[in-house]
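Here is what each chain is made of, one letter per residue.
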Amino acid sequence: MGEQMDEIEGTLMMVATKDNSDVDGIDDADDEDEPVAVRKKKKRPAKPEWTYGSLDDADELVNILFYGEGGGGKTTDLAFLAKLGKVIYIEAESGLKRGPLTRLGVPIKNLQLVRDTAEEKQITFGKLAALCDRLRIQLADDPKAIAGVVWDSVTEIQKKFLRQVMDKRIIRFQEKGVDVEAHKNVIEDYGICTEQMRDLIRMYRDLPCHVGFAGLEVRDEDDDGAVTYRPNFPPK
C-alpha cells in the first residue's frame, strides 16, 4: 500500500511540458461511476492525427503540484491560471472566494467550476473520467478553448473516492445480510481508491493544456529523527 501511495505522489510531482490547450460541456459529463477495470476496457476517444512542427513554435505547457499546510495560498496561486484563459476548476474544498480573488486581479469569469452541489452531483471517479474524455476531444478540435485544468485538492478528492468505495462495499454486504462496521476501512478499499486516483491523474496529466494539482502536506519523522514533508494522501 505504501508503494501505491509513493507511485501516486511521484506521478503528481512530475513537472512536464506538453503541446497546446482548450473545453466546454461539463454539465453533460457521464454520471456513471464505473470501476477502473471496466473503464479501461471501453474504447477511449480516438487520438487526433499527429501534427509536426518546430520545437521553437511549440507551446510550453506544465503539470504542477502545489502542496503545503491549509491557508498557504495554493488555491489562490492555481486560480491565477485564469489570467491565461478559461480554466476548468475541480473544487472539492470550496476554497475559492469571489471577493478576495477579484481584489487580487483574478478574472473569475474564466473559472468554470466543477464542485459537489448536492448528493446527485458528487465528484466521483466516473464523472471526472468522463469529463477528461470530453476535454480531450474538445482540445483536439480547438487547442485554444481552455488554458488549463485544476484539481483542488487531490487530498480531498481521494478522501471522497475512498468514502464512496467504502459505502459501496458496505451496501453489498448489507444486501447479503452481513453486518459490517460502517467506518472500518479494509485494504481492498485503499487499493481500489489508489487505482482510481492513479488512472485519473495520468489521464489529466496527459491533456494538452496546463494542469495544476493542489494537496495538503504531511510531516514524517523516522526513527533517526529525520523529517520529511510530502503531499498528504489517505490512508497516511
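Computed from a predicted model, the values in this text were never measured in an experiment.

**A short note on the packing of helix H6 (residues 154-175) against helix H7 (residues 187-205)**
Running from amino to carboxyl end, H6 crosses H7 at an angle of 135 degrees, the nearest separation of the two axes being 9 Å. Considered as vectors, H6 and H7 are oriented oblique to each other. For the pair H6 and H7, the sense of crossing is right-handed. Facing Val154, Ile157, Gln158, Phe161, Leu162, Val165, Met166 and Arg169 of H6, the residues of H7 in contact are Asp189, Tyr190, Ile192, Cys193, Thr194, Gln196, Met197 and Leu200. By residue class, the composition of the contact of H6 with H7 is 11 nonpolar, three polar and two charged.

**As for the packing of aromatic side chains**
Counting across every chain of the model gives two aromatic pairs. Their ring planes at 75 degrees and their centres at 5.4 Å tell us that Trp151 and Tyr204 sit as a pair that is edge-to-face. On the criterion of sequence distance, the pair formed by Trp151 in strand S5 (residues 148-152) and Tyr204 in helix H7 is long-range, its members being 53 residues apart. Ring plane angle 70 degrees and centroid distance 5.5 Å describe the contact between Trp151 and Phe213, whose orientation is recorded as edge-to-face. Of the two residues, Trp151 is situated in strand S5 and Phe213 in strand S6 (residues 210-221); the sequence distance between them amounts to 62 residues. Looking at Trp151, the relative accessible area reads 0%, which means it is buried. Members of the aromatic cluster, connected to one another through ring pairs, are Trp151, Tyr204 and Phe213.

**Quick word on the packing of helix H5 (residues 125-141) against H7**
Relative to each other, H5 and H7 sit at 15 degrees, their axes nearing to 10 Å. On the basis of the axis angle, H5 is roughly parallel to H7. Considering only the axes of H5 and H7, their crossing is left-handed. When H5 is examined against H7, the residues Phe125, Leu128, Ala129, Leu131, Cys132, Asp133, Leu135 and Arg136 are found in contact with a partner set consisting of Gln196, Asp199, Leu200, Met203 and Tyr204. For the contact of H5 with H7, the class distribution of residues is nine nonpolar, one polar and three charged.

**Regarding the nonpolar core**
Counting 32 residues, the largest nonpolar core has Ile90, Leu128, Val149, Trp151, Leu200, Tyr204 and Leu207 as the members making the most contacts within it. Put simply, the parts of the chain that give this core at least two residues each are strand S3 (87-91), H5, S5, H6, H7 and S6. Counting residues in each nonpolar core, the second largest holds 12 residues, with Leu81, Tyr89, Val106 and Ala214 among its members.

**Overview of the confidence of the model for the protein chain**
The share of residues in the protein chain with pLDDT of 70 or more is 71%, and the mean pLDDT across the chain is 79. The least confident element of the protein chain is strand S1 (residues 17-18), whose mean pLDDT is 38; the most confident is S5, at 96. Note on residues 8-26: pLDDT under 50 across the span, and 81 contacts to partners over four residues away in sequence or across chains.

**Concerning the state of the cysteines**
Inspection of the entire model under this criterion finds zero disulfides. Counting only cysteine sulfurs, Cys209 is the nearest neighbor of Cys132, a cysteine outside any disulfide, at a range of 8.6 Å.

**Quick look at the pattern of salt bridges**
This structure, assessed with the given rule, holds six salt bridges. The partner of Arg205 in a salt bridge is Asp206, and the shortest N-O contact between them spans 3.1 Å. On the basis of relative accessibility, which here comes to 18%, the residue Arg205 falls in the buried class. Relative accessible area serves as the criterion here: at 42%, Asp206 is assigned to the partly exposed category. One salt bridge connects Asp220 with Arg230, and the closest N-O pair in it is separated by 2.6 Å. Here Arg230 lies in strand S7 (residues 227-231) and Asp220 lies in strand S6, a separation of 10 residues in the sequence. Its relative accessible area of 26% is what places Asp220 among the partly exposed residues.

**Considerations on the pairing of S7**
As defined by bridge partners, S6 adjoins S7 across five bridges and the pair is classed as antiparallel. Paired with Arg219 across the strands is Tyr229, a residue of S7.

**Points about the pairing of strand S4 (residues 111-115)**
Relative to S4, S3 runs parallel, the two being bridged by five bridges. When the sheet's bridge partners are listed, Val87 is paired in S4 with Leu111. Since S3 and S4 lie parallel, the crossover through helix H4 (residues 98-103) that links them has a hand, and here it is right-handed.

Rules of the game
Residues numbered from 1 in each chain as written. Predicted model: local features only at pLDDT ≥ 70, side-chain atom pairs only at ≥ 80, totals over all residues. Heavy atoms only, no water. Axes fitted to C-alpha atoms, helices over the stretch in contact; angles between N-to-C directions. Helix = DSSP H or I, 4+ residues; strand = E, 2+ residues; numbered from the N terminus. Parallel < 35°, antiparallel > 145°, perpendicular 65-115°, else oblique. Left-handed = near helix turned anticlockwise from the far one by under 90°. Contact = heavy atoms within 4.5 Å. Nonpolar A, V, L, I, M, F, W, Y, C, P; charged D, E, K, R; others polar. Phe/Tyr/Trp six-rings, centres within 6.5 Å; stacked < 30°, edge-to-face > 60°. Buried < 20%, exposed > 50% of the residue type's maximum accessible area, 1.4 Å probe, protein only. Core = buried A, V, L, I, M, F, W, Y, C linked by side-chain atoms within 4.5 Å. pLDDT = per-residue confidence, 0-100. Disulfide = S-S within 2.5 Å. Salt bridge = Lys/Arg side-chain N within 4 Å of Asp/Glu carboxyl O. Pairing = 2+ DSSP bridges. Right-handed = clockwise from strand over helix to strand, strands pointing away.

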